[in-house]
Amino acid sequence: MLKPFSFRDDPEVPRFADGAPLAVMDADCAICSWGARMIHRLDRSGTVRICPIQTPLGAALLKHYGLEPTDPSSWLFIDKGIAHQDFEAVVYAARRFGGWGRLATVLLILPRPMRDWLYQRLARNRYAIFGRADMCAIPDPSFQRRLLR
């Protein structure tokens, strides 16, 4: 595991305000767009930022954590400089948001290898199963302020 805020030492990662949590996700994926809307709805603090992987920052963060930005099969939730990915990121974020978000902890019923397998299958087939959507086109101005481009 990488040390917290390790991306600060990576010259390939553009500098950004990293004091708030950041979700790095595919802006073209319908399920990711839904997830971004859920973050916007559940994050009562209004601090969580969302970074599309299609941006230089998003691609650099994926690379930094050993993920492929041109064929993303993962998303990241970075909080306090620590990156969580896949279903672990979903559960971590859900616990952080509280309320209805805690329902995602039901995923912990599945053993981790099964969760990882299931996540990979869903991620690899996300466009076929859920379709495409443009997260960056969501017209809500308060949502748009969360986006790092």
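This text follows the structure it describes.
Okay, so let's go over this structure.

Procedures and definitions
Residues numbered from 1 in each chain as written. Predicted model: local features only at pLDDT ≥ 70, side-chain atom pairs only at ≥ 80, totals over all residues. Heavy atoms only, no water. Core = buried A, V, L, I, M, F, W, Y, C linked by side-chain atoms within 4.5 Å. Buried < 20%, exposed > 50% of the residue type's maximum accessible area, 1.4 Å probe, protein only. Helix = DSSP H or I, 4+ residues; strand = E, 2+ residues; numbered from the N terminus. Contact = heavy atoms within 4.5 Å. Pairing = 2+ DSSP bridges. Phe/Tyr/Trp six-rings, centres within 6.5 Å; stacked < 30°, edge-to-face > 60°. Lys NZ or Arg CZ within 6 Å of the ring centre and 35° of its normal.

1. A short note on the nonpolar core
Judged by nonpolar contacts, the single largest core of 24 residues is most densely connected at Met25, Ile50, Phe77 and Met135. Of all elements in the fold, only β1 (22-25), α1 (30-42), α3 (86-97) and α4 (112-124) reach the threshold of two or more residues within this core. Per element, the largest residue contribution to this core is 5 residues, and it comes from α3. Excluding residues that lie within four positions of it along the chain, methionine 135 makes contacts with Met25, Asp26, Ala27, Cys32, Ser33, Ala36, Ile50, Phe143, Gln144 and Leu147.

2. Side note on the environment of cysteine 51
Looking at the element boundaries, cysteine 51 is found in strand β2 (residues 49-52). Of the residues examined, cysteine 51 reaches a relative accessible area of 0% and is grouped as buried. Counting along the chain gives 49 residues from cysteine 51 to leucine 2, while the straight-line C-alpha distance between them is 20 Å. Beyond its immediate chain neighbours, meaning those up to four positions away, cysteine 51 contacts Leu22, Ala23, Val24, Met25, Leu57, Gly58 and Leu148.

3. What about the pairing of strand β3 (residues 76-79)?
Within a regular strand, the side chains alternate between the two sheet faces. Burial along β3 is two-sided: Leu76 and Ile78 facing one way and Phe77 and Asp79 facing the other are all buried. With 3 bridges joining them, β1 and β3 adopt antiparallel strand pairing. Within β3, the residue paired with alanine 23 across the bridge is phenylalanine 77. By the bridge criterion, 4 bridges tie β3 to strand β4 (residues 82-85) in an arrangement that is antiparallel. Across the sheet, leucine 76 pairs through a bridge with glutamine 85, a residue of β4. Here β3 folds back onto β4, and the loop between the two strands holds 2 residues, one of which, lysine 80, carries a positive phi near 55°.

4. Examining the packing of aromatic side chains
What the rule picks out here adds up to 6 aromatic pairs. An angle of 80° between the planes, with centres 5.1 Å apart, marks the rings of phenylalanine 87 and tyrosine 119 as edge-to-face. With phenylalanine 87 in helix α3 and tyrosine 119 in helix α4, this residue pair connects regions lying 32 residues apart in the sequence. Tyrosine 119 shares its class with phenylalanine 87; the two are buried. Among the aromatic side chains, those forming a connected cluster through ring pairs are Trp75, Phe77, Tyr92 and Phe97. Across the ring face of phenylalanine 5, the terminal group of arginine 8 is positioned such that the distance to the ring centre comes to 3.9 Å. Seen from the ring of tyrosine 127, arginine 132 lies directly overhead, with NZ or CZ sitting 3.7 Å from the centre.

5. Thoughts on helix α2 (residues 56-64)
Residues of α2 that are buried include every one of Leu57, Gly58, Ala60, Leu61, Leu62 and His64, and no others. Directly beyond the C-terminal end of α2, a positive phi value near 80° is found at glycine 66.

6. Regarding the environment of valine 91
When you line up the elements, valine 91 lands in helix α3. Its relative accessible area of 4% is what places valine 91 among the buried residues. Counting along the chain gives 15 residues from valine 91 to valine 106, while the straight-line C-alpha distance between them is 8.6 Å.

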